[in-house]
Amino acid sequence: MREYLLYIKVGGESIRPAQAYVTPCFSVDQSFWQEREGCQLHVIGKSPSLAIAFSLREVVNARLADRQESSRAMSEEGLAELRELAVSTVRETASLYGREMMGEKPLQREWFEWVVEERSVAVSHAEGARTGGLGAKEDVGISSLLEGRALLWEEVETLLMKREVSGPDLTPILHRMVLAESADWQPGVRVSVKKSWWKHRLELTCDRCGSKRKEIELTICHTCGQGCAYCTVCLGMGRSKCCTPYLLVPSRSTVAREGAESRLQASQLRWTGSYSADQAVAAEQARRYVANHRPGATQFLIWAVCGAGKTELLFPSISEALAAGGRVLIATPRKDVVLELAPRLQRVFPQARVIAVHGSSTEKWEEADITIATTHQVMRYYQRFPLVILDEVDAFPYHNNPMLYRAVSRAVQPEGKLLYLSATPPRYLQKSLVAKRKGWFRFGARFSLPSLSSSTHVLLPGRYHGSALPVPRVVTVQGLHKRLKASRPIAPLLELVRTSLQSERQLFLFVPRIDDVEKLIGYLTKFFPDEASQLAGVHAADPLREEKVRAFREKRYRLMVTTTILERGVTIPRSDVVVIGAEAPVFDEASLVQIAGRVGRSVDDPTGTVLFLQADRAPSPRAAVKQIRNMNQLAQTLRSGTIQT
């Protein structure tokens, strides 16, 4: 069981005359300060709870911030007061913890262990002294492996094991990095007391995902043997808790260590395709944004409709970042998209190392030039990438998820670039990054359209092949769900299925809930029994999800019943789409636009049928149709030369 010691450093070259520190190995601190300056180290106490030690550090430093109190800390009387302050703070924290753990009348017990220590150590500066501080070969090697990562202690051990680094005691090495300010550390879950005139309360915060008290579970921990707490929100990424150190190591430089020649090789683009005139303008504007080192230009939006070739638009930007020696992260909410993008990027950047990082990935601990990751996995990165590309910013689970917003923003290096990519950007991004063109008129009324470009965005309203986006047909079917349950004919649905099969096309059938997948499969099997072998269903919890999607791509299935997991990132030539239950809340405007975008994506087949079946009139299908029509109109206007780029 680890113990964490709280001490005060007095004197030396620090701007503040006295400051509190937490250490897991006091001897390392003594050696570290000896190498740099002479000072006095006054021990206050120790605890197996890192959160308690950090909470006391903040309390003590707040007292020491007062210059008069800081001067008193040098006296025996002042140190005694600080030790008593630590004891009273632990008691108050334990009382509030017990109340939340056991109710208004908590069980009287010692929830937290705190041992007072009264000792002081004089550290004399020994110039040239070296006791294995940061800079030793072993330290530098581990520091290099951890650069740009945010990991719990157990994850640090896993990473080093995967990279075949064994032998050294991690504790002194990692703590030397913290003292040298090449890393930061904190408890996985912070504990503090929020004081007010009315009622004091316990505050708990997960430092990894930012979750607060409601998402944090109190427990008696088997590791530290006392009161503890862990975060339930990011539990799938490993247990972030009060007694677990959480290490954050920023990248020290944007320039790759391998040298200019290898950087240029990695950045070489081997793409045999070509851009349309509109695509070329959009791709070049995004590249210029990445190449612009002006401070403050940190966010850019590529707003390109479904089928505009968004991935291809990224190629020049990625090449620019790689040539400058930086790593590139492409974050996307869906594992399916990660698996599709990785081989595509590897083909066009054959000299670059490309990895796919998701929950079951074997590459999550590897180094790479281009990392393609689900947004949840981005939580393990910290100030690592000069360029982060966020694909499908409006998609679940990223959209409206503060935890993932925080993860993505922390993955970007200071003054790095964050490039958003979406066909349906959320309103807050449109408001902050998209300029408007005013003064347009329609039917005698003034209205505004989004500008085609600005310093913070570029808009591509047309598809790469020049054909319009298929406009969905919205049909209201009274008793839609009752008809489906009773296997009664739903004419528009049966007609579309029959037409698609006769035309040798494939058909996506979207349903709002997982339970609806099997219901619709049973319904279709009754009306099309000869096509039963051509029919499959898939959803997020399906263990055969990847195999079924692959079979659909390979045309081994003609009909695919699915939830919204296939609304994005999946391209099937010669396909049609039907949404059953388009009035359901899960099918918002952005989702329906994305679903409609599955159709007509190839040059050989730029058209197709999109059908929205709703049980009742709903706003989202109408809004989706309106957005698609507006984009078609804007693309037509652009092609006619009425507006300029």
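This one's a predicted model, so the numbers in the text were calculated from it and none came from an experiment. (Residues numbered from 1 in each chain as written. Predicted model: local features only at pLDDT ≥ 70, side-chain atom pairs only at ≥ 80, totals over all residues. Heavy atoms only, no water.)

## Some words on the overall build of the protein
Piece 1. Of regular secondary structure, the protein possesses 20 helices and 26 strands.
Piece 2. With the principal axes as the frame, the protein shows a C-alpha extent of 90 × 60 × 55 Å.
Piece 3. For the protein, buried positions account for 55% of its 645 residues.
Piece 4. As displayed, the protein offers around 28,800 Å² of accessible surface, 50% of which is attributable to carbon and sulfur atoms.
Piece 5. Here the protein carries 86 positive and 69 negative side-chain charges, and the mean point of each set is 8 Å from the other. (Helix = DSSP H or I, 4+ residues; strand = E, 2+ residues; numbered from the N terminus. Buried < 20%, exposed > 50% of the residue type's maximum accessible area, 1.4 Å probe, protein only. Areas by Shrake-Rupley, 256 points an atom, 1.4 Å probe, with all protein chains shown as cover. Lys, Arg positive; Asp, Glu negative; His and termini not counted. Charge placed at Lys NZ, Arg CZ, Asp CG, Glu CD.)

## Observations concerning the sheet that holds strand β6 (residues 184-187)
Piece 1. Strands sit in the order β5-β11-β6 across an open sheet of 3 strands; the sheet is antiparallel. Both outer strands of the open sheet, β5 (149-152) and β6, are each paired with one neighbouring strand and no more. Direction aside, neighbouring strands of the sheet carry axes that sit 20° apart on average.
Piece 2. Bridge analysis of β6 against strand β11 (residues 245-249) gives 4 bridges, and the strand direction is antiparallel. Pairing of Q186 across the sheet is with Y246, part of β11.
Piece 3. Against the sheet, helix α6 (residues 153-162) touches β5 and β11, its axis set at about 110° to β5. (Pairing = 2+ DSSP bridges. Axes fitted to C-alpha atoms, helices over the stretch in contact; angles between N-to-C directions. Contact = heavy atoms within 4.5 Å.)

## Re the packing of aromatic side chains
Piece 1. Under the definition given, this model contains 18 aromatic pairs.
Piece 2. Judged by centre distance (5.5 Å) and plane angle (80°), the ring pair of F54 and W185 falls under edge-to-face. Here the residue F54 occupies a position in helix α2 (residues 50-64), and W185 occupies one in strand β6, the gap between them amounting to 131 residues. Exposure class is identical for F54 and W185. Each is buried. (Phe/Tyr/Trp six-rings, centres within 6.5 Å; stacked < 30°, edge-to-face > 60°.)

## Some details on the sheet that holds strand β24 (residues 559-562)
Sheet strands pair by backbone hydrogen bonding; their relative direction is either parallel or antiparallel.
Piece 1. With respect to topology, 6 strands assemble into an open sheet ordered β21-β26-β25-β22-β24-β23, the strand pairing being parallel. Both outer strands of the open sheet, β21 (473-476) and β23 (535-538), are each paired with one neighbouring strand and no more. Across this sheet, the average inter-strand angle for adjacent strands is 20°, counted without regard to direction.
Piece 2. Note that strand β22 (residues 506-510) and β24 share 4 bridges and pair parallel. Residue L509 lies in a different strand from β24, and its bridge partner there is V561.

## So, the confidence of the model for the protein
Piece 1. For the protein, per-residue confidence averages 88 on the pLDDT scale, and residues scoring 70 or more make up 91% of the total.
Piece 2. The low-confidence segment residues 131-135 (pLDDT under 50) makes 14 contacts with residues lying over four places distant or belonging to another chain.
Piece 3. Low pLDDT (under 50) marks residues 439-447, which in the prediction has 14 contacts with non-local residues, meaning those over four places away or in another chain. (pLDDT = per-residue confidence, 0-100.)

## Focus: the nonpolar core
Piece 1. Residues L146, I302, I318 and L345 are the most contacted members of the largest nonpolar core, which totals 158 residues.
Piece 2. Considering each element in turn, this core owes the most residues, 9 residues, to helix α4 (residues 76-102).
Piece 3. In this structure, I302 is in contact with A286, L313, L314, L419, Y420, L421, S422 and V458, ignoring residues within four places of it in sequence.
Piece 4. Listed in part, the 27 residues of the second largest apolar core include L507, L509, L559 and V578. (Core = buried A, V, L, I, M, F, W, Y, C linked by side-chain atoms within 4.5 Å.)

## Focus on the side chain of E392
Piece 1. Structurally, the position occupied by E392 is in the loop between β16 (385-391) and α13 (402-411).
Piece 2. Reaching out from E392, the side chain makes a polar contact with the side chain of R568 at a distance of 2.8 Å. (Polar contact = N/O pair within 3.5 Å; in protein donor to acceptor, adjacent residues only side chain to side chain.)

## Here we look at the environment of Q377
Piece 1. For Q377, the position within the fold is in the loop between β15 (370-374) and β16.
Piece 2. Note on Q377: relative accessible area 6%, which makes it buried.
Piece 3. Linking Q377 and L452, residues 75 residues apart in sequence, is a C-alpha distance of 33 Å.
Piece 4. Setting aside anything within four residues of it in sequence, one finds Q377 in contact with M237, V357, H358, G359 and K364.
Piece 5. Of note is the side chain of Q377, whose polar atom sits 2.6 Å from the side chain of R380.

## So, helix α11 (residues 315-323)
Piece 1. Burial of α11 is extensive: 7 of the 9 residues sit out of reach of the surface.
Piece 2. Of the positions making up α11, those classed as buried are F315, P316, S317, I318, S319, A321 and L322.
Piece 3. At the C-terminal side of α11, G325 shows a positive phi close to 90°.

## A closer look at the pattern of salt bridges
Piece 1. Enumeration according to the criterion identifies 35 salt bridges in this entry.
Piece 2. Taking the shortest distance from any N to any O, the salt bridge between R568 and D394 comes out at 2.6 Å. Pair noted here: R568 is in the loop between β24 and β25 (575-580) and D394 is in the loop between β16 and α13, with a separation of 174 residues, a long-range link. No difference in accessibility class separates R568 from D394, as the two residues are buried.
Piece 3. Across the pair R505 and D605 runs a salt bridge, and its minimum N-O distance is 3.0 Å. A residue pair is termed long-range when its members are at least 10 positions apart, and R505 in the loop between α16 (491-502) and β22 and D605 in the loop between α19 (589-596) and β26 (610-614) qualify at 100 residues. The same class applies to R505 and to D605, which are both buried. (Salt bridge = Lys/Arg side-chain N within 4 Å of Asp/Glu carboxyl O.)

## Description of the side chain of R380
Piece 1. Structurally, R380 is set in the loop between β15 and β16.
Piece 2. Accessibility expressed as a relative area gives 9% for R380, which makes it buried.
Piece 3. With sequence-adjacent residues up to four places away left out, R380 is seen in contact with G148, R149, A150, L151, E155, M237, K364 and W365.

## Some thoughts on α16
Piece 1. Taking 1.5 Å of rise per residue, the 12 residues of α16 would be expected to cover 16 Å, and the 16 Å separating its terminal C-alpha atoms lies within 8% of that figure.
Piece 2. Of all the positions in α16, only P492, L493, L494, L496, V497, S500 and L501 are classed as buried.
Piece 3. Summarising the contacts, the buried residues of α16 are in contact with β21, β22, α17 (514-527), β24, β25 and β26.
Piece 4. One or two residues past the end of α16 sits E504, with phi positive at roughly 55°. (Expected span 1.5 Å × (residues − 1).)

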